[in-house]
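Analysis of the macromolecular model
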Amino acid sequence: MTEQGGIRKSLLVSLALHLLIGVVLLVGIDFSAPKRPAQAVSIIEATMIDDGMVAAQAERLAEMQAQQDRARAAEQASAEAEQKAAEDAERLAEQQQAAREAERLVEQQKALAAQQARAENERQQLVEQERKAQAAQKAAEAKKQAEAAAAQKQAEAKAAEAKALAAKKQAEAKAAEAKKQAEAKAAEAKKQAEAKAAEAKKQAEAKAAEAKKQAEAKAAEAKRQAEAKAAEAKKQAEAKAAEAKKQAEASKKAEAEQALKDLEALMGSETGGASSPPAASKGDFDRQVALITAAIKRNWLVSSTMIGKKCVINIRVASDGLILKIGEGSGDRAVCQSAAIAIRKTGPLPMPKDPVLNKRFQDINIELIPE
């Protein structure tokens, strides 16, 4: 039974006692009251009325009324007292319950702390026991494993011996089988090699025939191309020879014409004929030399070893600029050789229109300096 239930029971018992007291008071009043009214009724019905009895009866009734009022007041006071007592008891019970609840919480906390301490102690004991048990178990397992390992080693040794024996038998059987298969493979390989050799020989012969055919075709094509090139080279050589012959004839013709002109000029000067054209100025001569030198240098390949060196080279030219002859030149040999090559690449040289100046440039020494 809880504390609140006990308080409630006490309140119910107190309330029941107060109710019982009120009932007893009410019943006591009711028991004494009927005697007087019975006499009063008989008196009322009588023909004579006693004033003393009426007064006594009235007094009795007043007393009864007062008793009833007092009873009701007592009952109301008792009810109020009981209600107040109940409220006080309830407040007291609540306070007591709160106090008991606080004590219970304190006790509960103490019990919980004690329980936790016991639990921690038990846990530590369990941990220690478990540690000891684990250590013992590990020792037993280690011993068991050592024994098992020893037994396993023995079993493995026996198994290895049996396995070695079986392996030896299998190896011998495999060796015999392998030897048999190797002999069969060797025979098959020999047969395949002979077939491959025959096929390879056949293919080689076919390839050799094809290569020979291609080589003959290439040789015929090369011969044809060589003949075509030779014919083309011959044709170009003949054309060059014809052009050179033509240029030589033109040069000879120009020389003859120039010689004739010179002769006519000479004869004219001796006979006092027409006056000779005025001689070209030095400025015209230098400008023409610069033009020819610039034309040659455009085709001149110069190396760094030629810088600072020079070459004076003689050039014989037709009136139209056609180069007739290039001299060996005087100066650095390498410079002169490269200058001669540049002059040949230049081709017809720029010639002046003035006949006198043109004549002078038909046989001229040019100084060439690498830059």
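Values in this document were obtained by computation on a predicted structure and should not be read as measured data.

Looking only at helices and strands, the protein has 6 helices and 4 strands in total. Reading the secondary structure of the protein in the N-to-C direction produces α-α-α-α-β-β-β-α-α-β. Here the protein holds 371 residues, and the buried ones make up 14% of them. In the protein, once contacts between residues fewer than 6 apart in sequence are set aside, the share between residues at least 24 apart is 74%. Of the roughly 28300 Å² of accessible surface on the protein, a fraction of 58% belongs to carbon and sulfur atoms.

Mapped onto the elements, Thr293 comes out in helix 4 (residues 282–297). With residues near it in sequence (within four places) discarded, Thr293 still touches Ile366 and Leu368.

Here we take up helix 4. Residues spaced three or four apart along an α-helix face the same direction, because each turn holds 3.6 residues. Along its 16 residues, helix 4 runs 22 Å from first to last C-alpha, staying within 8% of the 22 Å computed at 1.5 Å per residue. The secondary structure elements touched by the buried residues of helix 4 are strand 1 (311–317), helix 5 (333–346), helix 6 (355–361) and strand 4 (363–368).

So, about the pattern of salt bridges. Scanning all chains against the criterion turns up 11 salt bridges. For the salt bridge of Arg60 with Glu63, the shortest nitrogen-to-oxygen distance reads 3.9 Å. Taken together, the positions of Arg60 and Glu63, both in helix 3 (residues 51–271) and 3 residues apart, correspond to about one turn of that helix. The partner of Arg104 in a salt bridge is Glu101, and the shortest N-O contact between them spans 2.0 Å. Taken as a pair, Arg104 and Glu101 lie in helix 3 at a separation of 3 residues, close to a single helical turn. Residue class for Glu101 comes out partly exposed when judged on its relative accessible area of 31%.

One finds Ile296, Ile313, Ile315, Ile343, Leu349 and Leu368 to be the most contacted residues of the largest nonpolar core, which totals 23 residues. The set of elements that each furnish at least two residues to this core consists of helix 4, strand 1, strand 2 (323–326), helix 5, helix 6 and strand 4. The element contributing the most residues to this core is helix 5, with 6 residues. When residues no more than four places from it in sequence are discounted, the contact partners of Ile315 are Ile296, Ile323, Lys325, Ile343, Leu349, Gln362, Asp363, Ile364 and Ile366.

Attention shifts here to helix 5. In this model helix 5 runs 20 Å from its N-terminal to its C-terminal C-alpha over 14 residues, within 8% of the 20 Å that 1.5 Å per residue would give. For helix 5, the full list of buried residues reads Val335, Cys336, Ser338, Ala339, Ala340, Ala342, Ile343 and Thr346. Structurally, the start of helix 5 carries an N-cap: the backbone nitrogen of Ala334 is 3.2 Å from a side-chain oxygen of Asp332.

Position of Gly329 relative to the elements: it lies in the loop between strand 2 and strand 3 (330–331). Sequence separation between Gly329 and Ile366 is 37 residues, and the spatial gap between their C-alpha atoms is 9.2 Å. Here Gly329 is in contact with Cys311, Val312, Ile313 and Cys336, once residues within four sequence places are set aside.

With that out of the way, let us pick up the state of the cysteines. For the structure on display, the rule yields 1 disulfide. Residue Cys311 pairs covalently with Cys336 via a disulfide, S to S 2.0 Å. Between Cys311 and Cys336, the S-S dihedral sits near 110°, and the bridge is therefore right-handed. With Cys311 in strand 1 and Cys336 in helix 5, this pair connects stretches of sequence that are 25 residues apart. For Cys311, a relative accessible area of 1% gives the class buried.

Burial of strand 1 is one-sided: the residues Cys311, Ile313, Ile315 and Val317 facing one way are buried, the residues Val312, Asn314 and Arg316 facing the other way are not. Summarising the sheet, strand 1 and strand 3 pair through 2 bridges and their orientation is antiparallel. Paired with Cys311 across the bridge in strand 3 is Gly331. Across 6 bridges, the pairing between strand 1 and strand 4 is antiparallel. In the strand pairing of strand 4, Ile315 is matched with Ile364. Note that strand 1 and strand 2 share 3 bridges and pair antiparallel. Directly across from Arg316, in strand 2, lies its bridge partner Lys325.

Looking at Cys336, the relative accessible area reads 5%, which means it is buried. Sequence separation between Cys336 and Lys309 is 27 residues, and the spatial gap between their C-alpha atoms is 9.9 Å. Those residues within four positions of Cys336 in sequence are excluded, and the remaining contacts are Cys311, Ile313, Glu328, Gly329, Ser330 and Gly331.

A few words on the side chain of Ser338. Checked against the element boundaries, Ser338 lands in helix 5. Judged by its relative accessible area of 14%, Ser338 falls in the buried class. When residues no more than four places from it in sequence are discounted, the contact partners of Ser338 are Trp300, Leu301 and Met306.

Rules used in this analysis
Residues numbered from 1 in each chain as written. Predicted model: local features only at pLDDT ≥ 70, side-chain atom pairs only at ≥ 80, totals over all residues. Heavy atoms only, no water. Helix = DSSP H or I, 4+ residues; strand = E, 2+ residues; numbered from the N terminus. Buried < 20%, exposed > 50% of the residue type's maximum accessible area, 1.4 Å probe, protein only. Contact = heavy atoms within 4.5 Å. Areas by Shrake-Rupley, 256 points an atom, 1.4 Å probe, with all protein chains shown as cover. Expected span 1.5 Å × (residues − 1). Salt bridge = Lys/Arg side-chain N within 4 Å of Asp/Glu carboxyl O. Core = buried A, V, L, I, M, F, W, Y, C linked by side-chain atoms within 4.5 Å. Polar contact = N/O pair within 3.5 Å; in protein donor to acceptor, adjacent residues only side chain to side chain. Disulfide = S-S within 2.5 Å. Pairing = 2+ DSSP bridges.

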